[in-house]
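# Overview (structure and organization)
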Amino acid sequence: MTSPRGGGRPRAARPTIRDVAAMAGVSSGTVSRVLNGKNWVSPDARSAVEAAIATTGYRVNPHARNLALSRANSVAFLLTETQQVLFEDPNFARLVRGTTEALAARDVSSVLIMAGDLPEQSRAMAYIAAGHVDGVLLAFTSAGGTPLMRRLVEAGVPLVACGMPVGGFDGAIGSVSADDRHGAVEMVRYLVSRGHRRIATIAGPADTPGGIARLEGYRQVISEQGGLVDADDALVEVSDYTVGGGAAAMRALLARRPDLDAVFAANDAMAVGALDALRSAGRRVPDDVAVAGFDDNDFAARSTPALTTVRQPFPRIAAEMVRVLLETIGGEQPASVTLPTSLVLRETA
């Protein structure tokens, strides 16, 4: 074929996105995300696409680029735990309400995605990867959600978690959390100051950031007392953040150490369970055993006696999660924010 003017040299076909994708060894969608400035591309894929663009001489169609730059203007709120968490943990409802309000103030919609098992996680990944949302807010961060989080990170999806997930995600995603360790330190020091010397703890799951940090705070205070308080490992019981789990843990602690005089539970739900178990065992609170929790949520407000606890600033956590996510979507590096906690002293300690 010759040029329309006749007598000219054959005109080479203009390279397309498919040509770039074939040379880079990626999908056409990945090439489009690179061209449109999206963050959902791994560094290696981005480098391969940029090299292929230079080699093929591909040029962007300005009109097509303008159309592609439109965003979904929507964010996913992702829960990677079981539905039991949704119905039992009031922290989840507070985060959903707070982030929804913060997004609405910026004219951004939100969608709730449940991903508590592998089929749900596969569907969640497909939905998110299809571009229906611009980024993801992650509510809970136990190891059960790690495979999905890793896939989201590898796809370059902007992601902000409530608490830094365990499993080596430092720098790859944003996070907003309360200062769990410091809150636990302050509460256990308070119990020591009240004269308690056999202080037990009901720790959270060992695959959650809060479970790890709050137990570390407890151990720090026990260690720094230099033997003035009991450092027996029999005073430590790990549970699952539920009321029933807290009651079972309290019964186990009483069986091992019936002389304990205080217990620090890593969340309010387990503290309420501990109160139930102590009541059933005939122990008076706080006269025989002091009880303290962590969160200051609806469990603390409804407990009898009123629960002494550590307050997490949930409205600030929700607002900061939205701010960090939208900045990440806009091209900023993911940030990690830690917010202060405070003691709320009531009747149980």
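The notes below deal with the structure included here. The structure presented is a predicted model; accordingly, all values stated were derived computationally and were not measured. (Residues numbered from 1 in each chain as written. Predicted model: local features only at pLDDT ≥ 70, side-chain atom pairs only at ≥ 80, totals over all residues. Heavy atoms only, no water.)

## A word on the pairing of strand 4 (residues 159-162)
Our working rule: For every residue, the accessible area obtained with a 1.4 Å probe (protein chains only) is divided by the maximum for its type, and the residue is called buried under 20%, exposed over 50%, and partly exposed between those limits. The helix and strand labels rest on DSSP assignments: H or I over at least four residues marks a helix, E over at least two residues marks a strand, and numbering proceeds from the N terminus. Note on pairing: DSSP must find at least two bridges between two strands before they are called paired.
By the alternation rule, side chains of strand 4 split into Leu 159 and Ala 161 and Val 160 and Cys 162, which are all buried. Alignment of strand 4 against strand 5 (residues 174-178), held across 3 bridges, turns out to be parallel. When the sheet's bridge partners are listed, Val 160 is paired in strand 5 with Gly 174.

## Side note on the pairing of strand 5
Where burial is concerned, most of strand 5 is hidden: 5 out of the 5 residues are buried. Both faces of strand 5 are covered, namely the face carrying Gly 174, Val 176 and Ala 178 and the face carrying Ser 175 and Ser 177. As judged from the 4 bridges shared by strand 5 and strand 11 (residues 336-339), these two strands associate in the parallel manner. Looking across to strand 11, one finds that Ser 175 is bridged to Ser 336.

## Observations regarding the sheet that holds strand 5
Note the cut-off: All axes are obtained by fitting lines to C-alpha atoms, using only the stretch in contact for helices, and the reported angles, taken between N-to-C directions, cover 0 to 180 degrees. Contact definition: two residues touch when any of their heavy atoms are within 4.5 Å.
Strand order in the open sheet formed by 6 strands is 2-1-3-4-5-11, with parallel pairing between adjacent strands. Each having just a single partner strand, strand 2 (109-114) and strand 11 make up the two edges of the open sheet. Taken pair by pair, the neighbouring strands of this sheet meet at an average axis angle of 20°, ignoring direction. The pairing of strand 1 (residues 74-79) with strand 3 (residues 135-138) spans 4 bridges and is classified as parallel. Within strand 3, the position partnered with Ala 76 by the bridge is Val 136. Along the sheet, helix 6 (residues 90-105) makes contact with strand 1, strand 2, strand 3 and strand 4, crossing strand 1 at roughly 175°. Taken strand by strand, helix 8 (residues 146-154) contacts strand 1, strand 3 and strand 4, and its axis lies near 150° from that of strand 4.

Worth remembering: the numbers are spatial, not functional.
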